[in-house]
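Okay, here's what each chain looks like letter by letter:
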Amino acid sequence: MWTEEAAATAEAPESGIRNKSSSSSQIPVVGVVTEDDEAQGGFKPMDLNRVIKLLEETDKDGLEEKQLKFVKKLVQCFQNGLPLRDLAQIFKILNLCAGKIKNQPRFVESAYDIIKLCGLPFLKKKVSDERTYAEDTANSIALLGDLMKIPSSELRIQICKCIVDFYHAEPPKKHIPGYQQASSSYKIQMAEVGGLAKTMVQSITLLENQLVEKLWVLKVLQHLSTSEVNCTIMMKAQAASGICTHLNDPDPSGQLLFRSSEILWNLLEKSSKEEVIQQLSNLECLLALKEVFTNLFMRGFSHYDRQLRNDILVITTIIAQNPEAPMIECGFTKDLILFATFNEVKSQNLLVKGLKLSNSYEDFELKKLLFNVIVILCKDLPTVQLLIDGKVILALFTYVKKPEKQKIMDWSAAQHEELQLHAIATLSSVAPLLIEEYMSCQGNARVLAFLEWCESEDLFFSHGNSFHGTGGRGNKFAQMRYSLRLLRAMVYLEDETVNTDLCEKGTIQQMIGIFKNIISKPNEKEEAIVLEIQSDILLILSGLCENHIQRKEIFGTEGVDIVLHVMKTDPRKLQSGLGYNVLLFSTLDSIWCCILGCYPSEDYFLEKEGIFLLLDVLALNQKKFCNLILGIMVEFCDNPKTAAHVNAWQGKKDQTAASLLIKLWRKEEKELGVKRDKNGKIIDTKKPLFTSFQEEQKIIPLPANCPSIAVMDVSENIRAKIYAILGKLVYFIIILRPNLDKKIIGEIWNEIYEEIKLEKLRPVTTDKKALEAITTASENVGKMVASLQSEIIESQARQDVQNEQKVYAKIQATHKQRELANKSWENFLARTSNAKTLKKAKRLQEKAIEASRYHKRPQNAVFHQTDIKGLNTTVPAGGVVTVESTPARLIGGPLADTDIALKKLPIRGGALQRVKAVEIVDAPKKSIPM
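Predicted model, so just to flag it, every value in this text is computed and none were measured.

1. Some remarks on the overall build of the protein chain
Counting its secondary structure elements, the protein chain contains 43 helices and five strands. By the burial criterion, 43% of the 930 residues in the protein chain qualify as buried. Long-range pairs, those at least 24 residues apart, make up 74% of the contacts in the protein chain with a sequence separation of at least 6. Just so you have it, the protein chain exposes about 51,900 Å², and 53% of that area is on carbon and sulfur atoms.

2. Some details on the packing of aromatic side chains
One pass over the full model with this rule turns up 13 aromatic pairs. Note on F397 and Y438: the rings are 5.9 Å apart at their centroids and 45° apart in plane angle, and the pair reads as tilted. In this pair, F397 is assigned in helix α22 (residues 392–397) and Y438 in helix α24 (residues 435–440), connecting sequence segments 41 residues apart. Each ring, one from F585 and one from F625, has its centre 4.8 Å from the other, and the planes form 45°; the classification is tilted. One end of the pair, F585, is in helix α31 (residues 580–595); the other, F625, is in helix α34 (residues 623–636), with 40 residues separating them in the sequence.

3. What about a nonpolar patch on the surface?
Judged by side-chain polarity, V807, Y808 and I811 come together as a nonpolar surface patch covering roughly 300 Å² of accessible area. With respect to the helices and strands, the residue Y808 is situated in helix α41 (residues 765–833).

4. Remarks on the sheet that holds strand β4 (residues 122–124)
Strand pairs in the sheet, formed through backbone hydrogen bonds, run parallel or antiparallel to each other. In space, the three strands of this open sheet follow the order β3-β4-β5, with mixed pairing throughout. For this open sheet the edge positions go to β3 (82–83) and β5 (180–181), each flanked by a neighbour on one side alone. Bridge count between β4 and β5: two bridges; the pairing is antiparallel. What sits directly across from K124, in β5, is Q180.

5. A look at the nonpolar core
Counting 221 residues, the largest nonpolar core has L144, M200, L221, I591 and L614 as the members making the most contacts within it. Element by element, the count of residues in this core is highest for helix α29 (residues 527–545), at ten residues. Look past the residues within four positions of L614 in its chain and what remains in contact with it is M567, L588, I591, F605, I629, I632 and M633.

6. Side note on α34
For α34, with 14 residues, the first-to-last C-alpha span of 20 Å sits near the 20 Å given by 1.5 Å per residue. Taken as a whole, α34 has its buried residues at F625, C626, I629, L630, G631, I632, M633, V634 and F636. Contacts made by the buried residues of α34 are with α31, α32 (599–607), α33 (610–618), α35 (642–648), α36 (657–672) and α39 (719–728).

7. Details of a positive patch on the surface
A contiguous patch of positive charge, built from R50, K66, K69 and K73, is present on the exposed surface. Top element by residues in the positive patch is helix α4 (residues 63–77). It accounts for three residues. Of note, K69 is situated in helix α4.

8. Let's talk about the state of the cysteines
The final tally for this structure, using the stated rule, is zero disulfides. Free of any disulfide, C244 has its nearest neighbouring cysteine sulfur in C285, separated by 4.1 Å.

9. Considering the environment of R488
Relative to the helices and strands, R488 is located in helix α26 (residues 477–491). Taking the relative accessible area as the measure of exposure, R488 reaches 30% and is therefore partly exposed. Contact partners of R488, with chain neighbours within four places excluded, come to D536, L539 and I540.

10. Points about α36
End to end, α36 covers 22 Å across 16 residues, agreeing with the expected 22 Å (1.5 Å per residue, within 8%). Within α36, burial applies to A657, A658, L660, L661, I662, L664, W665, E668, E669 and L672. Once α36 finishes, G673 follows within two positions and takes phi at roughly 80°, a positive value.

11. Observations regarding the environment of A657
As for its placement among the helices and strands, A657 is situated in helix α36. Residue classification places A657 among the buried positions, given a relative accessible area of 4%. As a C-alpha pair, A657 and D616 span 41 residues in sequence and 9.9 Å in three-dimensional space. Contact partners of A657, with chain neighbours within four places excluded, come to L615, V646 and W649.

12. Quick word on the pattern of salt bridges
Tallied over the full model, the rule gives 18 salt bridges. Between R309 and D363 there is a salt bridge whose closest N-O contact spans 2.9 Å. Residue R309 is found in helix α18 (residues 303–320), and its partner D363 is found in helix α20 (residues 361–377); the two are separated by 54 residues along the sequence. With relative accessibility at 2%, the residue R309 sits in the buried group. Overall, the relative accessible area of 2% leaves D363 in the buried class. The salt bridge involving K505 is made with D501; its shortest N-O contact spans 2.6 Å.

13. Focus: the packing of α33 against α34
The interhelical angle for the contact between α33 and α34, taken along N-to-C directions, is 150°, at an axis separation of 10 Å. Judged by the inter-axis angle, α33 sits roughly antiparallel to α34. Once α33 is placed against α34, the crossing between them reads as left-handed. Here I611, L614, L615, V617 and L618 of α33 come into contact with α34, specifically with C626, I629, L630, I632, M633 and F636. Here the contact of α33 with α34 is composed, by residue class, of eleven nonpolar, no polar and no charged.

14. Points about the packing of helix α17 (residues 283–299) against α18
Interhelical geometry of α17 versus α18 gives an angle of 150° and a closest axis separation of 9 Å. Here the hand of the crossing between α17 and α18 comes out left-handed. Between α17, through L286, L289, V292, F293, L296 and F297, and α18, the contact on the second element is made entirely by D305, L308, R309, I312, L313, T316 and I319. Looking at the contact of α17 with α18 residue by residue, the classes come out as ten nonpolar, one polar and two charged.

15. Notes on unusual backbone geometry
Although it is not a glycine, N547 sits at a positive phi angle of roughly 65°. Judged by relative accessible area, which is 67%, N547 ranks as exposed. Positive phi outside glycine occurs at N621, with the angle close to 65°. The topology assignment puts N621 in the loop between α33 and α34.

16. Observations regarding the side chain of S601
With respect to the helices and strands, the residue S601 is situated in helix α32. Residue classification places S601 among the buried residues on the basis of a relative accessible area of 3%.

Rules of the game
- Residues numbered from 1 in each chain as written.
- Predicted model: local features only at pLDDT ≥ 70, side-chain atom pairs only at ≥ 80, totals over all residues.
- Heavy atoms only, no water.
- Helix = DSSP H or I, 4+ residues; strand = E, 2+ residues; numbered from the N terminus.
- Buried < 20%, exposed > 50% of the residue type's maximum accessible area, 1.4 Å probe, protein only.
- Contact = heavy atoms within 4.5 Å.
- Areas by Shrake-Rupley, 256 points an atom, 1.4 Å probe, with all protein chains shown as cover.
- Phe/Tyr/Trp six-rings, centres within 6.5 Å; stacked < 30°, edge-to-face > 60°.
- Patch = residues over 30% accessible without salt bridge, like charges linked within 9 Å, V, L, I, M, F, W, Y side chains within 5 Å.
- Salt bridge = Lys/Arg side-chain N within 4 Å of Asp/Glu carboxyl O.
- Pairing = 2+ DSSP bridges.
- Core = buried A, V, L, I, M, F, W, Y, C linked by side-chain atoms within 4.5 Å.
- Expected span 1.5 Å × (residues − 1).
- Lys, Arg positive; Asp, Glu negative; His and termini not counted.
- Charge placed at Lys NZ, Arg CZ, Asp CG, Glu CD.
- Disulfide = S-S within 2.5 Å.
- Axes fitted to C-alpha atoms, helices over the stretch in contact; angles between N-to-C directions.
- Parallel < 35°, antiparallel > 145°, perpendicular 65-115°, else oblique.
- Left-handed = near helix turned anticlockwise from the far one by under 90°.
- Nonpolar A, V, L, I, M, F, W, Y, C, P; charged D, E, K, R; others polar.

What follows is the structure, encoded as C-alpha cells:
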C-alpha cells in the first residue's frame, strides 16, 4: 500500500509514532496481509527495493536462504493480484530469480511462483493507472517470452499457462480495499504492444523434442493469433513456415496438428496473405502438408479427422494460387488430381485402392474442394500433362448428363445436383486447356445433348441450394447457365475444329431456338439469370459466325429477329443493374459478327428498322455504347440502302442523324480538350486536332512497328468513325473536314520530324526540303480550313440577318393590314352615323362609277343599267341578277313590296302572288348586269 504512513511505519518503532524526517525520502513498500490485518483490510508493509537489492547481492553466507525467504513473502503478499504500479519491480525480481537458476536450481520454484502470480488479475488504484503504467506492463509481459529460454519444462509450462489465462480473465479471489481489477483486455493489449508473440514463435525452435512444452506453446500461439497485431508479428517472425514444417512431428494426442492448422488459418486471415503464402511455398512445407493430407485422406475416419483433412486442403489450395509454389515438384499436384477423380475414373494406384467416399457432409465438401483445387492448379501450364494423365475431362463429363432414374447414387439428389454444377464450372476452366481430350470425349455432343434436356419439359425438381445453383430452384436455369458458359469458353478459343464440329451439330439453330423459347416464357423472378443466359447465347453465336458467310446465312432472319427483340428493350432498364447493359453489348457484338457482311441479313435488318434502333441507342448518349455502335454504322454504310434509313431517322425534338453525329463529335472533342472557339472554329492552325493528352505526352523515339501517339489517338476515340459515316453519307461538314487528312499530313510528320531531332540525326537536304514542304502544306490546310469555316460562319450570320429581316417585314405587313382594316371600319361607322359623310361617300361612289365607264358605245350594243333605284346605301353591292321571268304586274316591279320576305309560300309552291289566279305567258329574256 503506497502511503506516507506506510513508508514511515517501515522505520518507526511499534508505538506507531510518525518519523517526520522520513517523509522527505519515501521508500516504496507493499502491504503484506496477515490473519489479523486481513479482517481489517490492511497491509503489512514490505520494501520491494530492499528485496531487489538483496537479490543483487552475492558471496555471503546464508544469503540464498534469506533471498528465498523474501521471495516467498513477496508471493504471499500478492496472492490476490499484482498492482500495476509495482509490476516493474516485481518482474525485475522475477528476472533476478531467473538469472540465478543456472547456478542455484532452488530459484526455479521462486520464479515458478512469481510467474504463477502473473495469471492473477492486475490491480489499479486509479483509473489512469492503465495508461500511466502501460510501458512498464508491456515490457514486463514481454519478459515472459524471454524466460522461455530457461531449460526448465516446469517453468515453461507455467509461463504458457499464465499467458493462456490472459484470455480467460477471472475476478480476484478477494477484494482489496482501494484497488479494482484492470480491464479484462488490458493484458492482451499489453502483450501485443510488448511483442510477446515474437518471442513465443522463436521458442518453438528450442522445443523440437519436447512434445508437452511444444503443445503448450502452440496453445499460446493459438490464442495470440486471434489478434491481427499478433498475427502480423508472428508472420514477420516466420511463424507460418516454422509451424508448417513440424506438422508431422510425433503426437499421439493429435493436438499438434489441430492447433497448428488453426494458427495457419488465423495467419492467412489476419495478416498479409501474400507473405504467409510466400513462407509456405517451399518444398519442405508442401511435403509436410502432402503427408498430412494423404494420411488423413486414407486413414482418417472420424468426424474430427475429416474436418481437419478439409482444413488442410483449403490451406493447400490457397498456397497453390502462388505459381512459384513447387506443387508439381513435391508430387502434391499428381496426388490431388488422383484423389479428385478416383471415384469417376477407376485407378489401380495404391493410394486409392479400396478407398470410397461416403455421402457425409465432410466427404461432400472434400469433393467440392478437390474440384476447386483443380481449377487453381490448371492455371499453371506444366499441370496440363498431369490433367491429361489423370483423365480429368472424362471424370468431369460423367456429371454432364441428365439424372438417370432408378440408379443407386453415391450422393443424395441435392448433393449430386451441386456436384454436377461444380463439375461443369470446372470444365469451363479446364476444357479450353485440353482441346484434344475434350473432342475425344465428344464434349460438344455431350454439352448440346445436356442443353437439349435443359430446354425440355421433363420434370426436374432442382434444389438450387448452392453457390452454383443460385436462381435454379425448381427449374433448369443453373444447368443451362453453366453449360452455356462452357460452350462460350470453347467457342472463344477460335479453334476451327471445335467450332466446325459445333456448327455441324446444329448449334446455331439450337441457340436461336433456346433464345426464342426464353423470350416466349418471360421469368421476372430470375431475370438476372435469364439475361446472363441470353448474353452467353449471343456471344456463342458471334464466335461461331464471325468471318464465316455460310454460318451468317444460317443465322438468317430468325437470328436477326432475336437481335431486334433485344434492341427494342426499354432504355430505362439499362440502369437497373440486372445485366441489360451486358446483354446489349452482346447484341451489338452479334450484329457485327452475325449480320454484317451477309447482304440478305443486312437488308432484312434494314427492312425491320434496325438502323433506327441503333440510332435510338446512340442517342442515349452513353459513352460505353457509342464506339461499338459507330463501328457498326461505318460497316452498314457500305450498303447503299443504309443512307436512306439514316437520313429518314428522327430522334427527340426532330433531331436528325447528322446533327446527332456532330453533337457526339463536339462532345468528344470537349472531353479530349481540343481547342475550339464558341462556334467550333479552329484556333491553332498548326495543331487543329491536338488533344490535351497529346500535349501532355512527350514525343519519344519509337520502333517502326509501334504506333505513334497521333495514330493511337485516331484509333482510340470516335472521331474517325463519325468522319467515316458522314463521308459515306455524302455529308460535307467543314468543321470535321480536316480530321484524317490533317492527322496524316500534319501530326504524324511532325512526330517524325521531332523524333529525328531527339535522335540527333540530320536529314539530307532533299529530305529536309520535303519535311519543310509537308509542314508548310499542313499549315496551309489548317489555314484554308479555318478560312472556310470563317466564311461559313459569316455566311450563316448573313443568312440569319436576312431571315430576321424577313420576319420583321412580315410583322410590319401584318400591322399595316391591321391598320387598314381599322381605318375601313372607322369609315364604315362614320357613314352609318353621319348623313353628310354618307352623302359625300355616295357622290364619290357615283363619280368613281362614272369614271370607270366606257363612254364610246359600240354600235348595236345593249346597255344594262347597273344602278339600283331606291337603294340608299354606299356599301359595294355584290353581283345583281335581275330575273324578269315573273311579270311585273304580278309582283308590282322590283322590290315593290318590302314585306315580301314575310309572306309565306303557297302550299303548291311557285312565286309569291297578289291574286289567286295566275296567267302563264312566255318567259321573257333574262338580263344579267355587267
